[in-house]
2 protein chains.
Amino acid sequence: MTTRPAVLIMQRHLAPLTAFLESAYDVYRFWEGPPVEASARVEALVVAGEFELDKALIEALPRLSLIACFTSGHDGIDVAWCAARGLPVTHAPGVNHEDVADHALGLIIGARRQIVAGDRAVRAGEWTVDAKTITPSLRGAKVGIVGLGLIGEAIARRCEAFSMQVQWWGPRPKDSAWPRADSLIELARTSDILVIACKADETNRGLISAEVINALGPNGLLVNVARGQLVDEDALINALHAGRLGHAALDVFETEPTSAARWKDVPNTTLTPHTAGATTEAVQGMLSLMMQNLAAHFAGQPLITPVRTD
Amino acid sequence: MTTRPAVLIMQRHLAPLTAFLESAYDVYRFWEGPPVEASARVEALVVAGEFELDKALIEALPRLSLIACFTSGHDGIDVAWCAARGLPVTHAPGVNHEDVADHALGLIIGARRQIVAGDRAVRAGEWTVDAKTITPSLRGAKVGIVGLGLIGEAIARRCEAFSMQVQWWGPRPKDSAWPRADSLIELARTSDILVIACKADETNRGLISAEVINALGPNGLLVNVARGQLVDEDALINALHAGRLGHAALDVFETEPTSAARWKDVPNTTLTPHTAGATTEAVQGMLSLMMQNLAAHFAGQPLITPVRTD
């Protein structure tokens, strides 16, 4: 008879956490179809915050007392609903925002200076003696950052090293070294590059609407390192087809993994598989916070990094 | 009968300069097979500095009095030989070093965070629910810069914004904010990322030898935004095949355009078609300097930006 608490890992790509969790817990994996008795035993869920967490599942786990979100973002979890049930949620804030910002700059430089397209052209034998690709300089480019949290500020600092001009918008004013635009539309209208770096929740789904995309315009570059749901992706694809937007460099998508077919004929895109925050160092930091939160919870001590519900 | 000086453009990709030059000069284009009388008339050559300039051609132009190099680099021109003939060479220094540094950072982030590879994977449908790419963080990575001139310093400043650790090596010590390694081999041995940013001439052909590449090692990233001839390209390709080098991100090649076939089966490469310095703004600056140098020369005034031969 075991005395170890049981935890249930929800998403397949979190499978590598098993080895670490098994040092202290009995581990079930959702996609393997856990045995019937598991539902009576599971005390904690281990989840990636970008995936919707099924409330019916939560209600079917009578002993569930913690949702341990491996990621910083927790938009797939209805935290207020959980709080009302007395169910705490932990996450991993402040671990990978510098890595996400690095990736955002990689997408900006890659798109603006045509690094992905250039690589494709060299491999296709399209570099010829009479061809010379000329691209716009980064210097002086106007970068608009949507959401000036940890990630947004890290992006802004890096943009300054490239002599880009930074402005931002978020729903709430805050003290910062960079000017805040009057509105999101105004930010898009006056930016060459719009970088989405805000938290996603039910209040801002589709924030980057057709209107915002059109305001960014035919020479504009849209970069998304936040969440796919923040963008009206159908509107984005339509704008790219019609040449109403210059380029979209996306690390996140409405549905993940996004399908190759969805982007097959869409011009002027750079697509990465949600890797902006996934560095060796960040994953180690997230793993450490998750293990600490689980240990604190089962020892009856205060959680290290609970999601705040105020 | 014309009184306008005649100029000869040497390389096809410089053809767009014709319209500007024709405002003041009679323009011949080498690849079109200029008429016989042209050789008696040409007073200036317009060239791109990365291509070897044929001395026999120079000797066949009796009225030639200026070589106007459109680029900053002038490694294809034997400037000392020209000076000995009383033939001045002008170039375009200090115009595009910030753009070249931007591109170098794009190559570093793109290779290290697998942006080009990620884009290819998404398009190939290789992003699946159980796949998660984890890449090394930039923070703390050791960057070794070969040549701390204008380009090298611009790269170093940008690397600091990503919390990378900068060191450098060049044949001559100089005051700088970053430590100089004792030797090139030592720089390669102690760096995660080696960026080539030095001038190329006959003294440093093949500087990045098999030994330097092996010192950088199986997790190392080699970035070249300088000149292809600085690298022993056959040795580089062998090292990539054998896994003795982690990745090569190259904007310049031994022969340009490089052939797609040469790189077809070479793993872990990012290839761009010599576009690091080719921005709209830089090209305008280079055009302006070239036109000013030509005008000064034909007015008998001091050249604006002659290549120094001291």
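Shown above is the structure to which this text applies.
Engineer: When you look at the environment of Asp102(B) in this model, what are you seeing that I'm missing?
Structural biologist: Position of Asp102(B) among the secondary structure elements: in helix H5 (residues 97-112). C-alpha separation for the pair Asp102(B) and Gly140(B), spaced 38 residues apart in sequence, amounts to 19 Å. With residues near it in sequence (within four places) discarded, Asp102(B) still touches Ile109(A), Arg113(A), Leu138(A), Arg139(A), Phe162(A) and Arg158(B).

Engineer: Whenever I open this one, the pairing of strand E9 (residues 221-224) of chain A confuses me. Can you help?
Structural biologist: Successive residues of a regular strand alternate their side chains across the two faces of the sheet. All names here are of chain A. Across the two faces of E9 the burial is the same, with Leu221 and Val223 and Leu222 and Asn224 all buried. For strand E8 (residues 193-196) and E9, the ladder comprises 4 bridges, and the chain directions are parallel. Counted as the bridge partner of Ile193 is Leu221 from E9. For the crossover from E8 across helix H9 (residues 210-216) to E9, the handedness is right-handed. With 4 bridges joining them, E9 and strand E10 (residues 247-250) adopt parallel strand pairing. Each bridged residue has a counterpart across the sheet, and for Asn224 the counterpart in E10 is Leu250. Note on the crossover from E9 through helix H10 (residues 233-242) to E10: the handedness is right-handed.

Engineer: I tried to follow the packing of helix H5 (residues 97-112) of chain A against H5(B) on my own but got confused; where do I start?
Structural biologist: Helices that pack against each other are described as a pair by the angle of their axes relative to one another and the distance between those axes. Put simply, H5(A) and H5(B) touch, their axes get as near as 9 Å, and they point 125° apart. Between H5(A) and H5(B), the angle is such that the two are oblique. In the crossing of H5(A) with H5(B), the sense of the turn from one axis to the other is left-handed. For the pair H5(A) and H5(B), contact is made by Asp102(A), Leu105(A), Gly106(A) and Ile109(A) and by Asp102(B), Leu105(B), Gly106(B) and Ile109(B), respectively.

Engineer: In this structure, what is going on with the sheet that holds strand E6 (residues 142-146) of chain B? I would like to understand it.
Structural biologist: Pairing between the strands of a sheet is mediated by backbone hydrogen bonds and can be parallel or antiparallel. All names here are of chain B. Spatial ordering of the open sheet is given by E7-E6-E8-E9-E10-E11, a layout of 6 strands whose pairing is parallel. A single partner strand is all that each edge strand has here, and the edge strands are strand E7 (165-169) and strand E11 (269-271). Pairwise comparison of adjacent strand axes, ignoring direction, gives a mean angle of 15° for this sheet.

Engineer: What should I look at first to understand the packing of aromatic side chains in this one?
Structural biologist: The description of two aromatic rings rests on the distance between their centres and on the angle between their planes. Enumeration over the complete set of coordinates arrives at 7 aromatic pairs over all chains. Taking the centre distance of 5.7 Å and the plane angle of 65° together, the rings of Phe253(A) and Trp127(B) count as edge-to-face. On the criterion of chain membership, the pair formed by Phe253(A) in the loop between E10 and helix H11 (260-263) and Trp127(B) in the loop between helix H6 (115-123) and E6 is interchain, its members lying in two chains. Here the aromatic rings of Phe253(B) and Trp263(B) are separated by 5.7 Å at their centres, their planes lie at 70°, and the arrangement is edge-to-face. Residue Phe253(B) is found in the loop between strand E10 (247-250) and helix H11 (260-263), and its partner Trp263(B) is found in helix H11; the two are separated by 10 residues along the sequence. We note that Phe253(B), like Trp263(B), is buried. Here the aromatic residues Trp127(A), Phe253(B) and Trp263(B) are joined through ring pairs into a cluster of three or more. Note that Arg180(A) overlies the ring of Trp168(A), its terminal NZ or CZ placed 5.9 Å from the centroid.

Engineer: Can you walk me through the interface of chain B and chain A in this structure?
Structural biologist: Reports of interface size often rely on the accessible area that becomes lost once the parts have come together. At the interface, 56 residues of chain B touch 56 residues of chain A. Taken as a group, Arg113(B), Arg123(B) and Trp127(B) account for 15% of the area that chain B buries against chain A, more than any other trio of residues on that side. The interface formed by chain B and chain A holds 6 salt bridges in total. Put simply, Arg12(B) and Asp130(A) hold a salt bridge, and the shortest N to O gap is 3.6 Å. When contributions to the side of chain B that touches chain A are tallied by element, the ones reaching two or more residues are H5, H6, helix H7 (150-161), H11, E11 and helix H12 (280-298) of chain B.

Engineer: Help me understand the relation of the copies chain B and chain A in this model?
Structural biologist: A rotation about an axis combined with a shift along that same axis relates the two copies of the chain. Of the transformation placing chain B onto chain A, the axial shift is 0.0 Å and the rotation is 180°, giving an RMSD of 0.0 Å. The operation mapping one copy onto its partner corresponds to a two-fold rotation axis.

Engineer: Got a minute to help me understand the nonpolar core in this structure?
Structural biologist: Soluble globular proteins tend to pack their nonpolar side chains together in the buried interior. Membership of the largest hydrophobic core comes to 64 residues, with the highest contact counts inside it found for Ile155(A), Met164(A), Ile155(B) and Met164(B). The residues touching Met164(A), leaving out its near neighbours within four places in the chain, are Leu105(A), Ile108(A), Leu138(A), Gly140(A), Ala141(A), Val143(A), Cys159(A) and Ile193(A). With 33 residues, the next largest nonpolar core counts Ala215(B), Leu216(B), Leu236(B) and Leu271(B) among its residues.

Engineer: Even after reading the chapter, I still don't get the pairing of E10(A), so can you show me in this structure?
Structural biologist: All names here are of chain A. Both faces of E10 are covered, namely the face carrying His247 and Ala249 and the face carrying Ala248 and Leu250. The pairing of E10 with strand E11 (residues 269-271) spans 3 bridges and is classified as parallel. Bridged to Leu250 within E11 is Leu271.

Engineer: Explanation requested: unusual backbone geometry in the structure shown.
Structural biologist: Trans peptide bonds make up the majority, and among non-glycine residues the majority have a negative phi. Residues and elements named next belong to chain A. Residues Glu256 and Pro257 are joined by a peptide bond in cis, for which omega reads -10°. With respect to the helices, strands and loops of the structure, Pro257 is situated in the loop between E10 and H11. A positive phi angle, near 55°, is found at Asn268, a position not held by glycine. By secondary structure assignment, the location of Asn268 is in the loop between H11 and E11.

Engineer: I'm lost on the environment of Gly243(B) in this one. Help?
Structural biologist: Residue and element names in this part refer to chain B. Considering the arrangement of structural elements, one finds Gly243 in the loop between helix H10 (233-242) and E10. In this structure Gly243 comes out as partly exposed when scored by relative accessible area, which is 37%. C-alpha of Gly243 to C-alpha of Asn214: the two residues are 29 residues apart in sequence and 9.9 Å apart in space.

Engineer: How do you make sense of the environment of Val116(B) when you look at a structure like this?
Structural biologist: The residue Val116(B) is located in helix H6 in this model. Taking the C-alpha atoms as reference points, Val116(B) and Gln301(B), 185 residues apart in sequence, are found 49 Å from one another.

What counts, and at which threshold
Residues numbered from 1 in each chain as written. Chains lettered and ligands numbered in written order. Predicted model: local features only at pLDDT ≥ 70, side-chain atom pairs only at ≥ 80, totals over all residues. Heavy atoms only, no water. Helix = DSSP H or I, 4+ residues; strand = E, 2+ residues; numbered from the N terminus. Contact = heavy atoms within 4.5 Å. Buried < 20%, exposed > 50% of the residue type's maximum accessible area, 1.4 Å probe, protein only. Pairing = 2+ DSSP bridges. Right-handed = clockwise from strand over helix to strand, strands pointing away. Axes fitted to C-alpha atoms, helices over the stretch in contact; angles between N-to-C directions. Parallel < 35°, antiparallel > 145°, perpendicular 65-115°, else oblique. Left-handed = near helix turned anticlockwise from the far one by under 90°. Phe/Tyr/Trp six-rings, centres within 6.5 Å; stacked < 30°, edge-to-face > 60°. Lys NZ or Arg CZ within 6 Å of the ring centre and 35° of its normal. Buried area = accessible area lost by both parts, 1.4 Å probe. Salt bridge = Lys/Arg side-chain N within 4 Å of Asp/Glu carboxyl O. Least-squares fit on C-alpha atoms with pLDDT ≥ 70 in both. Core = buried A, V, L, I, M, F, W, Y, C linked by side-chain atoms within 4.5 Å.

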